[in-house]
Amino acid sequence: LGWLHPSTTGMGAPSEEAMILDSPGWAPGEGMLDLDAHGVPALFRRIQGSWRGRYYKLSPDASRQSAFDGLFTISIAGNRYLQTNHYQFDDGSTMELTFSGTFANGYLSMESESRQNFRARAWQAGADLILFESLKVEAGVRIRYLEMILFDSPATRARTTLEYRDGAFAGVNFIREEKL
């Protein structure tokens, strides 16, 4: 994560050099990861399939901004990662986003076919924990997400995401999901 990275400037937002594609300052899996022949950590194999849950977005003062349903489908073939997110909003509207990436040395690097200015990196940080950092530019605003995905059973997980807009804290997003 940016604030753990050696190139971070103080306690605030990390420097540009510390953004997304830099190494987080420690090697993933030192003493705790088993990578398969394709460089994929074992926990990422567990996320394959479809997951469903209700997503909540909170403002910086913790008031609820929105809530919507999500269905997330993930597949991994060799070192290739594919993800499709289906969202259904309370007004009946829907949105679909697609992501793809590759694994190398325990890290997943991702882009989005749906969002031109999106890039991300994820890694296994423990037996049941994945850390995810992403950056996108939308209408000239740099949006950074720092996400923790915690598996509390083989069929359930919780995701908590900190959101920053142009370096300022913009809120927290969370979802508890079940595997279908």
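Residues numbered from 1 in each chain as written. Predicted model: local features only at pLDDT ≥ 70, side-chain atom pairs only at ≥ 80, totals over all residues. Heavy atoms only, no water.

Chemist: Could you give an account of the environment of Gly 78, naming the residues involved and the relevant values?
Modeler: Within the secondary structure, Gly 78 is located in the loop between β2 (64–77) and β3 (80–89). What makes Gly 78 partly exposed here is its relative accessible area of 24%. Separated by 38 residues in sequence, Gly 78 and Val 40 place their C-alpha atoms 8.2 Å apart. Not counting chain neighbours up to four residues away, the residues in contact with Gly 78 comprise His 38, Val 40 and Arg 45. (Helix = DSSP H or I, 4+ residues; strand = E, 2+ residues; numbered from the N terminus. Buried < 20%, exposed > 50% of the residue type's maximum accessible area, 1.4 Å probe, protein only. Contact = heavy atoms within 4.5 Å.)

Chemist: Residue-level account of the pattern of salt bridges, with values.
Modeler: Applying the stated criterion across every chain, the model contains 13 salt bridges. For the salt bridge of Arg 54 with Asp 69, the shortest nitrogen-to-oxygen distance reads 3.2 Å. Placement of Arg 54 in strand β1 (residues 49–58) and of Asp 69 in strand β2 is noted, with a sequence separation of 15 residues between them. Among the residues examined, Asp 69 registers a relative accessible area of 36% and is labelled partly exposed. Among the salt bridges present, the one from Arg 157 reaches Glu 177, with a minimum N-O distance of 2.4 Å. In this pair, Arg 157 is assigned in strand β9 (residues 156–165) and Glu 177 in strand β10 (residues 168–179), connecting sequence segments 20 residues apart. Sharing partners across several salt bridges, the network here consists of Glu 147, Arg 157, Arg 159 and Glu 177. (Salt bridge = Lys/Arg side-chain N within 4 Å of Asp/Glu carboxyl O.)

Chemist: Could you give an account of the sheet that holds strand β4 (residues 94–104), naming the residues involved and the relevant values?
Modeler: Here we have ten strands rolled up into a closed barrel, ordered β1-β2-β3-β4-β5-β6-β7-β8-β9-β10, and antiparallel in their pairing. In this sheet, adjacent strand axes meet at a mean angle of 25 degrees when their direction is disregarded. Where β9 meets β10, ten bridges bridge the pair, whose relative direction is antiparallel. Opposite Arg 159, over in β10, you have Ile 175 as the bridge partner. (Pairing = 2+ DSSP bridges. Axes fitted to C-alpha atoms, helices over the stretch in contact; angles between N-to-C directions.)

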